[in-house]
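Structure assessment
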Amino acid sequence: MVDHRRRPKISPSTAVDLPKIDAVILFGEPIRWETNLQIIIDVLLTGGYPASPHRLTSYPHIPLLACNMDLMWMAEARSPRFGHGIFMVCLESIYKKITGKELKYAALMGKPSEVTYHYAEYLIRTKAAEMQWNKPVQTLYAVGDNLMTDIYGANHYNRYLQERNNRKDSKTLLQAGSRARVATVSQDVEATWESELSCPSATRCKSVLVCTGIYNPHAEVPADPTQSVTETVFHGHRDFRIDPALVEPGHVVPDVNAAVDLIFQLENFLPASDNRIC
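What counts, and at which threshold
- Residues numbered from 1 in each chain as written.
- Predicted model: local features only at pLDDT ≥ 70, side-chain atom pairs only at ≥ 80, totals over all residues.
- Heavy atoms only, no water.
- Helix = DSSP H or I, 4+ residues; strand = E, 2+ residues; numbered from the N terminus.
- Buried < 20%, exposed > 50% of the residue type's maximum accessible area, 1.4 Å probe, protein only.
- Areas by Shrake-Rupley, 256 points an atom, 1.4 Å probe, with all protein chains shown as cover.
- Pairing = 2+ DSSP bridges.
- Contact = heavy atoms within 4.5 Å.
- Axes fitted to C-alpha atoms, helices over the stretch in contact; angles between N-to-C directions.
- Salt bridge = Lys/Arg side-chain N within 4 Å of Asp/Glu carboxyl O.
- Parallel < 35°, antiparallel > 145°, perpendicular 65-115°, else oblique.
- Left-handed = near helix turned anticlockwise from the far one by under 90°.
- Nonpolar A, V, L, I, M, F, W, Y, C, P; charged D, E, K, R; others polar.

For the protein chain, an unreviewed UniProt entry supplies the name Cat eye syndrome critical region protein 5 and the organism Staurois parvus.

Below, the structure is given as structure tokens:
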């Protein structure tokens with residue numbers, strides 16, 4: 001049904017002197033999806049001049065950056081609500097339907113991207129330094145309710161930390177044996193991150209899944225437990241590959257309170273105001 005109340009009461013302006021748009025940044029799902037989808041497509045297909053006609057030859061398009069990739073999220077309703085990830089799916093589909101080409105992202109930020117966890121780890125290190133902690137923070141805990149973003153991202157960052165430590169150990173061995181080969185090992189792809197945020201002190205990142213959000217612990221699972229993840233529909237973003245190991249939580253707890261209690265137990269931490277660990 002067409003809502004005629006939303007049609008303009010006056011003739012639209014014919015101005016064509018709009019300033020050029022250099023990039024599109026997607027932060028979260030808008031209120032009026034169809035209007036925003038139209039405007040973004042206009043910007044992408046005109047090279048940043050939405051008052052001009054579409055040019056299907058304008059490819060690759062101007063930079064497009066996005067964050068907040070959750071496909072769905074939980075609110076008061078009993079069923080999951082559409083998240084920004086679904087808005088991105090719509091945009092990708094429309095662009096490909098019109099042009100026949102894939103929408104390209106200059107960057108994907110937020111969970112489950114690696115750089116987001118790297119930045120979070122940097123903030124933790126900064127806070128620990130302010131509190132004058134003597135020992136570096138080596139274990140990170142990521143608590144979330146979404147397998148495809150929270151758990152995937154935590155496990156992905158844990159894999160990055162493990163691979164980085166392995167490269168660091170390999171580099172040490174090569175330095176002891178042959179200084180000529182050290183340069184090859186030291187060319188980390190994360191050099192940009194580490195130059196801006198400094199090297200991480202953490203050596204592992206443990207994922208903790210809570211059952212109070214998008215994750216449903218009572219959902220049906222395949223008869224063969226080994227297929228419980230591989231037969232699950234992948235709700236992650238198009239540009240992140242499905243890896244069963246990355247969506248397996250390290251721990252599953254009922255809620256955030258239970259997650260905090262678990263972390264206290266794993267770290268042998270006893271609050272000063274309490275005489276026991278729950």
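1. Some thoughts on the overall build of the protein chain
Check the secondary structure of the protein chain and you find seven helices and eight strands. Burial status across the protein chain gives 34% buried among its 278 residues. Looking at the protein chain as shown, the accessible area adds up to about 17,800 Å², and 57% of this sits on carbon and sulfur atoms.

2. Examining the sheet that holds strand β5 (residues 107-108)
Taken together, three strands build an open sheet; the order of strands is β1-β2-β5 and the sheet is parallel. Of all strands in the sheet, those bounded by a partner on one side alone are β1 (24-26) and β5. Together, β1, β2 (64-66) and β5 form the strand contacts of helix α2 (residues 84-99), whose direction differs from that of β1 by roughly 140°.

3. Some words on the sheet that holds strand β7 (residues 204-210)
Pairing between sheet strands relies on hydrogen bonds along the backbone, with the strands arranged either parallel or antiparallel. Here three strands make up an open sheet; going across it, the order is β6-β7-β8 and the pairing parallel. Every other strand in the sheet has two partners, leaving β6 (139-144) and β8 (251-253) as the edge strands with one partner each. Pairs of neighbouring strands in the sheet enclose a mean axial angle of 25°, with direction left out of account. Summarising the sheet, β6 and β7 pair through six bridges and their orientation is parallel. Of the residues in β7, the one forming a bridge with Gly144 is Leu209. Where helix α7 (residues 256-266) meets the sheet, its contacts fall on β6, β7 and β8, and the angle it forms with β8 comes to roughly 135°.

4. Focus: unusual backbone geometry
Backbone torsion omega between Lys111 and Pro112 reads 5°, so that peptide bond is classified as cis. Tracing the backbone shows Pro112 in the loop between β5 and α3 (114-130). One non-glycine residue, Gln132, lies in the positive phi region at around 60°. You can see Gln132 is positioned in the loop between α3 and β6.

5. As for the pattern of salt bridges
Evaluation of the coordinates by the stated rule reveals nine salt bridges. Of the charged contacts in the structure, one is a salt bridge between Glu102 and Lys96, with a shortest N-O distance of 2.8 Å. Residue Glu102 is classed as partly exposed on the basis of its relative accessible area, which comes to 33%. For Glu130, the salt bridge is made with Lys127, and the minimal N-O distance between the two is 3.7 Å. One end of the pair, Glu130, and the other, Lys127, are both in helix α3, three residues apart, so they sit about a helical turn from each other. Salt bridges sharing partners connect three or more residues here, namely Lys96, Glu102, Arg238 and Asp239.

6. A few points about the packing of helix α1 (residues 33-45) against α2
Orientation of α1 relative to α2, taken along the N-to-C sense of each, is 45°, at an axis distance of 11 Å. The orientation of α1 relative to α2 falls into the category oblique. The interaxial crossing formed by α1 with α2 has right-handed handedness. Seen from α1, the contacting residues are Trp33, Asn36, Leu37, Ile40, Ile41, Leu44 and Leu45; seen from α2, they are Ile86, Phe87, Cys90, Leu91, Ile94, Tyr95, Ile98 and Thr99. Looking at side-chain class alone, the contact of α1 with α2 contains 13 nonpolar, two polar and no charged residues.

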